[in-house]
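Next come the chains, spelled out residue by residue.
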Amino acid sequence: MKVIRAKRIPFEVDMAAKSVEVLLEDIRLLSEENHALVQAVRTLTRQTLNAVQEEVKYGGILLSSAGTPFGGVFAYKQHVSVEFSQGASITDPHGLLEGSGKGRRHIKLRTAGDISAKHLAEYLKLALQAAGGTDGSTG
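Residues numbered from 1 in each chain as written. Predicted model: local features only at pLDDT ≥ 70, side-chain atom pairs only at ≥ 80, totals over all residues. Heavy atoms only, no water.

Q: Explain the overall build of the chain to me, and be specific about the residues and the numbers.
A: Along the backbone of the chain there are five helices and five strands. The order of α-helices and β-strands along the chain, N terminus first, is α-α-α-β-β-β-β-β-α-α. Across the 139 residues that make up the chain, the buried fraction comes to 37%. Counting only contacts in the chain whose residues sit at least 6 apart along the sequence, the fraction spanning at least 24 positions is 47%. Accessible surface computed for the chain: about 8,100 Å², of which carbon and sulfur atoms make up 53%. (Helix = DSSP H or I, 4+ residues; strand = E, 2+ residues; numbered from the N terminus. Buried < 20%, exposed > 50% of the residue type's maximum accessible area, 1.4 Å probe, protein only. Contact = heavy atoms within 4.5 Å. Areas by Shrake-Rupley, 256 points an atom, 1.4 Å probe, with all protein chains shown as cover.)

Q: Give a detailed account of the sheet that holds strand β3 (residues 68–75), specifying residues and quantitative values.
A: Pairing within the open sheet is antiparallel, and its five strands lie in the order β1-β2-β3-β4-β5. Where the open sheet ends on each side, the last strands, each with one partner, are β1 (52–57) and β5 (105–109). Across the sheet, the mean angle from the axis of one strand to that of its neighbour is 25°, orientation sign disregarded. In terms of strand pairing, strand β4 (residues 80–84) meets β5 through five bridges, oriented antiparallel. What sits directly across from Phe-84, in β5, is Arg-105. Docked against the sheet, helix α3 (residues 32–48) engages β1, β2 (60–65), β3, β4 and β5, running at close to 160° with respect to β3. (Pairing = 2+ DSSP bridges. Axes fitted to C-alpha atoms, helices over the stretch in contact; angles between N-to-C directions.)

Q: Talk me through unusual backbone geometry; I want residue IDs and the actual numbers.
A: Despite not being glycine, Ala-51 shows a phi value in the positive range, around 50°. The residue Ala-51 is located in the loop between α3 and β1 in this model. Of note in the backbone geometry, Tyr-58 takes a positive phi value of approximately 60° without being a glycine. In this structure, Tyr-58 sits in the loop between β1 and β2. Assessed through its relative accessible area of 47%, Tyr-58 is described here as partly exposed.

Q: Describe the packing of aromatic side chains, with residues and values.
A: Under the definition given, this model contains one aromatic pair. For the ring pair Phe-84 and Tyr-123, a centre distance of 6.4 Å and an interplane angle of 25° mean the geometry is stacked. Of this pair, Phe-84 sits in strand β4 while Tyr-123 sits in helix α5 (residues 120–130), and the two are 39 residues apart along the sequence. By relative accessible area, Phe-84 is classed as buried at 1%. (Phe/Tyr/Trp six-rings, centres within 6.5 Å; stacked < 30°, edge-to-face > 60°.)

The structure is reproduced here in structure tokens:
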């Protein structure tokens, strides 16, 4: 008799199937503070850029505008990271971008005050431009 083994689905595929709402609920259950930070980043992104789309992938919320992916929001145990896909191409006006890889850079948020203190709205616009999209700002 031949034994058929189930093929294991990679974690990323499982996460991609999750909706943003389900992921947000998971984050909330782990940390109310991180949930509030992720929600604040999502709100700021929608207020700052036009036509933002969200997709759950790689354990976070990937962001794109007019079909141009430019970053994502990821909740970790001690912080929320806002990742910029082409962050290495950004001229860092405030010296706040972290990371040293070929492409990505990120900003870590630990409190709600970090959103304005670390000029996140400005970096969101720069990230979209660096990814090849238009600024698309709403104001």
